[in-house]
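Geometric and topological summary
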Amino acid sequence: RSTQSRSSAASDVYKRQSRDRGNFETCISGEYPSLCKHSLLTREEAVQVEAAEKRANFRTCISGEYPSLCKHSWLTREESSQVNNAEKRANYRTCVTGEYPSLCKHSLLTGEEAIQVQAAEHQANFRTCISGDYPSLCKHTLLTPDEAVMVVEAERRAKGR
């Protein structure tokens, strides 16, 4: 029995020590959860790694720039609120340029922001259209009648080049 106890105690010490130090170093950064071999971690390491991964996730989320990379389910209620606001601000920054309407989540905009974004998208579309060089990229239906006349003439000149 005493041999079994010593063996069990030695086994417990081994279980508490890292089974793969390199793996633990990769995991503890929290930056690359998919590269971490979680099954090789001890219980204590797993707790540390989980906390590190949650901190790294929050750093990714709080910029608001990459909502698809954010694991929203890992966030606390307070973090979730902060991230939601950051995502709205980042979305508005993307939208208000008018250059990327397909990347803009219009549903996240306030009423005033939506008006500003609509004007920016209209201006960006007109800039594309008036060059005459990219008629397939021009959203002709968004042009005013006066703009449409100018764009038709610009496209005609561009064809003649």
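Sequence order as written defines residue numbering, which begins from 1 separately in each chain. Where local features are concerned, this predicted model is filtered to residues with pLDDT of at least 70; where side-chain atom pairs are given and counted, the filter is 80 or more; whole-chain, interface and lining totals use all residues. Side-chain metrics rest on all non-hydrogen atoms present in the structure, leaving aside hydrogens and water.

Criterion for a disulfide: a pair of cysteine sulfur atoms within 2.5 Å. Inspection of every chain in the model, using the stated rule, returns four disulfides. The residue that forms a disulfide with Cys-27 is Cys-36, at a sulfur-sulfur distance of 2.0 Å. Given an S-S torsion of about 100 degrees, the disulfide between Cys-27 and Cys-36 has right-handed geometry. Side by side, Cys-27 and Cys-36 carry an identical accessibility label, which is buried. Disulfides within the protein link the bonded cysteines, taken in sequence order, as 1-2, 3-4, 5-6, 7-8. Burial classification: accessible surface area is computed with a 1.4 Å probe over protein chains only, and a residue below 20% of its type maximum counts as buried, one above 50% as exposed, and the rest as partly exposed.

What follows deals with the packing of helix 5 (residues 111–130) against helix 6 (residues 145–160). Axes, fitted as lines to C-alpha atoms, cover a helix only where it is in contact. Angles between the N-to-C directions of the axes lie from 0 to 180 degrees. We count a stretch as a helix when DSSP gives it H or I for four or more residues in a row; a strand needs E for two or more, and each element gets its number in order from the N terminus. Packing of helix 5 against helix 6 brings their axes to within 9 Å, and their N-to-C directions diverge by 30 degrees. It follows that helix 5 is roughly parallel to helix 6 by the angle criterion. Contacts from His-122, Phe-126, Cys-129 and Ile-130 of helix 5 reach helix 6 at Glu-147, Met-150, Val-151 and Ala-154. Gly falls in the polar group here, along with every residue not listed as nonpolar (Ala, Val, Leu, Ile, Met, Phe, Trp, Tyr, Cys, Pro) or charged (Asp, Glu, Lys, Arg). Partitioned by chemical class, the residues of the contact of helix 5 with helix 6 number six nonpolar, one polar and one charged. Angular relationships are summarised with four words: roughly parallel below 35 degrees, roughly antiparallel beyond 145, roughly perpendicular across 65 to 115, and oblique for the angles in between. The contact criterion used throughout is that any non-hydrogen atoms of two residues lie within 4.5 Å.

Attention now goes to the confidence of the model for the protein. Every residue gets a pLDDT, meaning the predictor's confidence in that residue, from 0 to 100. On average, residues of the protein score 89 in pLDDT, and 88% of them are at 70 or above. In this model, residues 5–16 is a region of pLDDT below 50 whose contacts with residues beyond four sequence positions or in other chains number four contacts.

This part takes up the pattern of salt bridges. In the sections that follow, a salt bridge refers to a side-chain nitrogen of Lys or Arg positioned within 4 Å of a carboxyl oxygen of Asp or Glu. Inspection of every chain in the model, using the stated rule, returns six salt bridges. A salt bridge links Lys-54 to Glu-50, with the shortest nitrogen-to-oxygen separation between them at 3.3 Å. With a gap of four residues between them, Lys-54 and Glu-50 both fall in helix 3 (residues 43–62), about one helical turn apart. One salt bridge in this structure joins Glu-153 and Arg-156, with 3.0 Å as the shortest N-O distance. Taken together, the positions of Glu-153 and Arg-156, both in helix 6 and three residues apart, correspond to about one turn of that helix. Judged by relative accessible area, Glu-153 falls into the partly exposed class, the value being 32%. One network of salt bridges, with partners in common, ties together Glu-153, Arg-156 and Arg-157.

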